[in-house]
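Single-letter residue listing:
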Amino acid sequence: MLFEGKNISFSYPKGEDILRNMNISIESGERVGLIAKSGYGKSTLAKILAGYVKPTKGEVFIDGKPIPTKGHHPVQLIYQHPEKAINPRWRMKEVLEEGGVFQDKMLQAMGIEKHWLTRYPRELSSGELQRFSIVRALGGNTKFLIADEITTMLDAINQAQIWKSILEVVEERNLGLLVITHNHHLANKICTRKIYLEEVNG
Ligand SMILES: Nc1ncnc2c1ncn2[C@@H]1O[C@H](COP(=O)(O)OP(=O)(O)OP(=O)(O)O)[C@@H](O)[C@H]1O
């Protein structure tokens with residue numbers, strides 16, 4: 001499968017253009033690092049690619065067709081701040097079910113303890129919450145995964161463990177992965193290709 005953002009431009013109301021005619025493409029099985037300095041528009045691009053925000057110009061395609069707006073979105077975004085992406089009124093089991101049926105082995109791989117499932121988001125740390133948003137994003141219909149600075153709140157050991165588990169799933173299911181980061185070391189370790197947003201933004 002081929003995932004493409006074509007001629008994407010974007011500006012927030014009353015703001016200047018953040019993205020200008022930029023193009024990006026990712027094939028299944030590729031792990032692409034998207035690197036740019038803070039405030040350059042990485043998270044904005046992530047939201048556009050995952051269908052949360054409509055670009056001012058341009059479109060997002062899978063295999064040459066616009067992505068359907070209904071049903072499970074094949075491109076799933078994991079945010080930097082999980083608390084912004086999780087309904088505070090749901091217990092964690094319901095949060096996970098939003099992504100479809102989840103497997104026990106995924107919970108284990110992400111280091112999620114069974115008794116956390118009956119807790120509310122406020123009863124977990126950000127690192128623990130992030131593990132849930134990763135499992136939710138890896139629901140069965142996901143074909144491409146966008147990880148937007150997802151492990152910045154974790155210590156080095158947990159960061160390595162979580163990335164190892166994500167990469168196992170990505171490889172097993174031949175998913176395409178976009179890793180948004182300003183950490184060159186992480187990108188070098190994980191990615192098969194790197195894109196510098198400053199270079200591709202027109
Ligand atoms: N909802 C919004 N309304 C107006 N401006 C916004 C909004 N969200 C972000 N911006 C501005 O758009 C620019 C790009 O923001 P974005 O979050 O995409 O950058 P980023 O590259 O992901 O930054 P960081 O690495 O610091 O997370 C920033 O200057 C930001 O202040």
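Keep in mind that what you see is a predicted model, and the values were worked out from it rather than measured. Here the residue numbering is sequential within each chain, running from 1 through the sequence in written order. Totals for whole chains, interfaces and linings use every residue, but because this is a predicted model, local features are given only for residues with pLDDT of at least 70 and side-chain atom pairs only at 80 or more, for both listing and counting.

> What am I meant to see in the site of the ligand here?
Proximity of a residue to a molecule or strand is defined by its backbone-placed C-beta atom lying within 6 Å of that partner. Every residue near the ligand is listed here: Y12, G15, I18, A36, S38, G39, Y40, G41, K42, S43, T44 and H182. At three residues, the largest contribution of residues to the shell around the ligand is made by helix α1 (residues 42–49). When residue character is reported, Ala, Val, Leu, Ile, Met, Phe, Trp, Tyr, Cys and Pro are called nonpolar, Asp, Glu, Lys and Arg charged, and the others, Gly included, polar. Of the residues belonging to the shell around the ligand, the class tally is four nonpolar, seven polar and one charged. Numbering of helices and strands runs from the N terminus, with a helix taken as a DSSP run of H or I at least four residues long and a strand as a DSSP run of E at least two residues long.

> Looking at this model, I keep getting lost on the pairing of strand β6 (residues 75–78). Mind explaining?
Note on strand geometry: in a regular strand, side chains alternate between the two faces of the sheet. Residue burial here comes from a neighbour count, namely the number of other C-beta atoms, placed from the backbone, that lie within 10 Å of the residue's own C-beta, with 20 or more meaning buried, 12 or fewer meaning exposed, and in between meaning partly exposed. Across the two faces of β6 the burial is the same, with V75 and L77 and Q76 and I78 all buried. Looking at chain direction, β6 and strand β7 (residues 144–148) are connected through four bridges and run parallel. Bridge pairing links V75 to F144 in β7. Pairing between strands is defined by DSSP: at least two bridges between the two strands are required.

> Whenever I open this one, the environment of I48 confuses me. Can you help?
Take I48: it is sitting in helix α1. Through-space distance from the C-alpha of I48 to that of L178 is 13 Å; in sequence the pair is 130 residues apart. Excluding anything up to four places from it in sequence, I48 contacts G5, I8, F10, V53, P55 and V60. Once C-beta atoms have been placed from the backbone, residue pairs whose C-beta atoms lie within 7 Å are recorded as contacts.

> Would you take a moment to explain the pairing of strand β4 (residues 57–62) for this structure?
Bridge count for strand β1 (residues 2–11) against β4 is five bridges, and the pairing is antiparallel. Pairing of G5 across the sheet is with V60, part of β4. When β4 meets strand β5 (residues 65–66), the two strands line up antiparallel, connected through two bridges. Looking across to β5, one finds that I62 is bridged to K65. Linking β4 back to β5 in an antiparallel pair, the connection comprises two residues, with D63 at a positive phi of about 50 degrees.

> I would appreciate a short explanation of the UniProt feature "domain: ABC transporter" (unreviewed entry) in the protein chain in the present structure.
UniProt positions are given in the numbering used here, feature names are shortened, and annotations may be inferred rather than shown by experiment. Those places that UniProt annotates as "domain: ABC transporter" (unreviewed entry) correspond, in this numbering, to residues 3–200. Segment residues 3–200 splits into 30% helix and 26% strand. End C-alpha atoms: 17 Å apart.

> Would you mind showing me how to read the sheet that holds β6 here?
Pairing between the strands of a sheet is mediated by backbone hydrogen bonds and can be parallel or antiparallel. With parallel pairing, five strands are arranged side by side in an open sheet as β6-β7-β8-β3-β9. In this open sheet, the two strands that pair with only one neighbour each are β6 and β9 (193–196). This sheet shows a mean twist of 20 degrees between the axes of neighbouring strands, independent of strand direction. Note on geometry: axes are lines fitted to C-alpha atoms, helical ones only across the stretch in contact, with angles between N-to-C directions running from 0 to 180 degrees. Along the sheet, α1 contacts β3 (31–35), β6, β7 and β8 (176–181); its crossing angle with β7, the most-contacted strand, is approximately 155 degrees.

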